[in-house]
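So you can see what is in the structure, the chains are spelled out below.
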Amino acid sequence: MPPAIVGSAGPLTGKRFPIGEAPITFGRRDDNTVVIASGRASRLHAEVLREAGGYVLHDRGSRNGTLVNGNRVTSHVLKQGDVIAIGDETFSFEAPGEMETIMDALVIRSLIKSVVDPGPVLRVTISGGGPVGLSLALLLENLMGQRVSITLYDGRWTRDGSRVVWKDQSQGNVRRQQVVTIQSRQYLNLPEEVQARLFSAGSYSEMWPAGPDSVRGFSPRNVRIAFVEDELLDIANEKSDRIRLVPAFFDLAEHRETVAEDHVLAICEGGRSRTRDLFTAKFGAADTSIYSLEGRHIQDVVLGLRVKSDLSDPMTILLTVAQNRFLLNALRGEGFLNMRLTDDEAEEVIGIDPIRHVFEECIASRPCLMGRTDDGDFHCSTHGTLFLPALVRSSALWKRVMEGLVLFGVREENLSAVTAFRLDMVQRPRFTAQLYSPTSTTPGTYGFLLGDAANAIHFWPGRGLNSGLASAISMARSLNRAWHGRPFRDADFIRHEAAMSMLQYRHKSRAWKAMVTTDENGVTCAIKDKIVQGIKEGSEGPDKDADIDALMDELRRIRSRLAPRIAGLPDDTVLVEHLRKLKGETLRALRVSGAWDTLVVGGEEVDIDIFDRPDSPEEPAAGAPTVARRAGERPDHTRLVARKSSGSTPP
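The paragraphs below set out a description of the structure included in this document. Here the structure is a predicted model, which means the values were calculated and not measured.

**Here we look at the pattern of salt bridges**
Consideration 1: This structure, assessed with the given rule, holds 41 salt bridges.
Consideration 2: The closest approach of N and O atoms between arginine 411 and glutamate 413, which form a salt bridge, is 4.0 Å.
Consideration 3: Classification of arginine 411 by relative accessible area gives partly exposed; the value is 44%.
Consideration 4: For glutamate 413, a relative accessible area of 53% corresponds to the exposed category.

**Things to note about the packing of helix α9 (residues 313-321) against helix α18 (residues 572-579)**
Consideration 1: Where α9 contacts α18, the two axes come as close as 13 Å, and the packing angle between them is 60 degrees. In terms of crossing hand, the pair formed by α9 and α18 is right-handed. From α9, Met315, Leu318 and Leu319 reach across to α18, where they touch Val574, Leu575 and His578.
Consideration 2: Considered class by class, the residues forming the contact of α9 with α18 number five nonpolar, one polar and no charged.

**Details of helix α19 (residues 584-593)**
Consideration 1: With respect to burial, α19 is a largely interior element, eight of its ten residues being buried.
Consideration 2: Of the surrounding secondary structure, the elements contacted by the buried residues of α19 are β24 (326-331), α13 (396-407), α16 (527-538), α17 (544-562) and α18.
Consideration 3: Two residues or fewer after α19 comes glycine 594, characterised by a positive phi angle close to 85 degrees.

**Structural notes on the state of the cysteines**
Consideration 1: On inspection of all chains with the given rule, the structure shows zero disulfides.
Consideration 2: With no disulfide partner, cysteine 362 has as its closest neighbouring cysteine sulfur the one in cysteine 380, 4.1 Å distant.
Consideration 3: There is no disulfide at cysteine 368, and the cysteine sulfur nearest it, in cysteine 380, is 3.8 Å away.

**Remarks on the packing of aromatic side chains**
Consideration 1: The full count for this structure, using the stated rule, is 16 aromatic pairs.
Consideration 2: Measuring from centroid to centroid gives 6.2 Å for phenylalanine 387 and tryptophan 398, while their planes differ by 65 degrees, and the two rings are edge-to-face. One end of the pair, phenylalanine 387, is in strand β30 (residues 385-387); the other, tryptophan 398, is in helix α13, with eleven residues separating them in the sequence.
Consideration 3: Residue class for phenylalanine 387 comes out buried when judged on its relative accessible area of 1%.

**Some words on the pairing of strand β31 (residues 415-423)**
Consideration 1: By the bridge criterion, eight bridges tie strand β23 (residues 300-308) to β31 in an arrangement that is antiparallel. In the sheet register, valine 307 faces β31, and the bridge partner there is leucine 415.
Consideration 2: Where strand β28 (residues 370-372) and β31 come together, two bridges link them in antiparallel fashion. Each bridged residue has a counterpart across the sheet, and for methionine 370 the counterpart in β31 is valine 418.

**A closer look at the sheet that holds strand β5 (residues 46-51)**
Consideration 1: Read across the sheet, five strands follow the order β4-β3-β5-β6-β9 without closing on themselves; strand pairing throughout is mixed. Whereas interior strands pair on both sides, the edge strands pair on one side only; in this sheet they are β4 (34-35) and β9 (75-77).
Consideration 2: Relative to β5, strand β3 (residues 24-27) runs antiparallel, the two being bridged by three bridges. In the strand pairing of β5, threonine 25 is matched with glutamate 47.

**Describing the sheet that holds strand β19 (residues 243-246)**
Consideration 1: The six strands are arranged β19-β13-β12-β20-β33-β32 in an open sheet whose pairing can be described as mixed. Where the open sheet ends on each side, the last strands, each with one partner, are β19 and β32 (432-436). For this sheet the average axis-to-axis angle between neighbouring strands, irrespective of direction, equals 20 degrees.
Consideration 2: One ladder, built from four bridges, connects strand β12 (residues 122-127) with strand β20 (residues 264-267); its direction is parallel.

About the thresholds
Residues numbered from 1 in each chain as written. Predicted model: local features only at pLDDT ≥ 70, side-chain atom pairs only at ≥ 80, totals over all residues. Heavy atoms only, no water. Salt bridge = Lys/Arg side-chain N within 4 Å of Asp/Glu carboxyl O. Buried < 20%, exposed > 50% of the residue type's maximum accessible area, 1.4 Å probe, protein only. Axes fitted to C-alpha atoms, helices over the stretch in contact; angles between N-to-C directions. Helix = DSSP H or I, 4+ residues; strand = E, 2+ residues; numbered from the N terminus. Left-handed = near helix turned anticlockwise from the far one by under 90°. Contact = heavy atoms within 4.5 Å. Nonpolar A, V, L, I, M, F, W, Y, C, P; charged D, E, K, R; others polar. Disulfide = S-S within 2.5 Å. Phe/Tyr/Trp six-rings, centres within 6.5 Å; stacked < 30°, edge-to-face > 60°. Pairing = 2+ DSSP bridges.

Laid out in structure tokens, this is it:
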């Protein structure tokens, strides 16, 4: 009698599933060998494979895990009498006669070593559990399996039973509801499981057309960042055997000895990283001069308005690309309308404590999210302040906010929150550094700057998260390629450091051109200063018709370029009627701010895949696991992305 999986508890009790050469699969899908109706089972939950003359149970990234004899497993060599629990079903493994697993002890030891013994384990600490830190952890787990052990810290998390979850507003964490655009060059390089979870039906839209960062015909995808954070954290919870989640901010003073015993510290804390600043002597000081004009470091302050637009996506795209004052990034009309502020307007971004009657800069310095109350005010629940410009509705800033709503078809009652953030680019000298040298008891720790801790990218081209994901992909591949159980060397990370330098050059050079423009005399100036000029000219008796004509000329040029890729673009009559709703000051400011410089936005993109090609015909591609894939695991075809731009032009 062949070995079999036998139902011992649940609806399948008594059912016998013989095991042969073909895999036995478990899950909710109808095409599984063992169909489990329980909602706690994943579509493809687990499978049993014949390996080296025996049988091995593999969990296939299920949400609720696979238990053997009460313990959660990823891979397990089955033995006579093992009890397997999946969802609400319990099974036992039955082998014939005295040969419990149909292999002798020598084969068992060989199989256990190949499946269970990972060899030297790479120890990685990640400070910062946002999308970049979580993506790095999941990429490493996907590439290296049992060869890596990851500890991930974030103080914005808390425990809920056995799981780690994001704190909510009542716990002091304001979730980010902004919509982000993820380019296919990045998301196609994420593990297939991650892609499936991030882009489930209804969770995303494809608002923007394919452009220079699109590969294989896949368009950019708009998704809410809080959803990304939730899904990535959920997946990380399911990898508890290799990813340890710590709901606390990383404190170098507390964990210095632990870090010195690890091989890697990845710093993913964002643009205001304290850990990065503590290692300034290792990574080098940031240089502001390259992003300065006449000795003044150029910064942009952006007011973020959470809105619901009544306009179609094609029309909001057209209106966004035609000027540099506002940008709407939305998911089915809901998202954030970002408003570039002048220096004077930025001074008005302030809260007021209604009890103590004192001003607070919480919205400008934290930043905080101020939600709309039943009275129509905007209240910061963390600091108890109200947004002052909304209280003083005759203020210049609030009037201009209202004009932004008109431009993007947002009714005032559909403005539900305000926030602000400062965009402050610097040049970083390096992204990789040996933090601690090897000793007789420690391996030597390498540190890496990733995400906004490495490159805080101006939001106008929408490159911050994409740059962060690219840096995580490059880092994971580099560690997988370089790990051989010995201390790392600087030479192990030449490719990664090159990729990071390319990302900094490409994205920041493009972002800089989105912060500055050239005036009629060929002099470079800040776009926010051009907006000041437009507001001044518009308040001195503007020629609305001339400004509308100029804007329409720009809109027609953009529309003709986008028409082959976007259906439903508005005609001249609709656009003119819409522009006439705006005040003269607004029209002039939009006109002088200029349209997006698509020649700068377009062009060749940073392709980190060029660093992951085979070094020789016999060598597997770098970034592929350096040990044999776990049985039944499919190769990651998403790495085989096009090396060149799709050839289409940007919006």
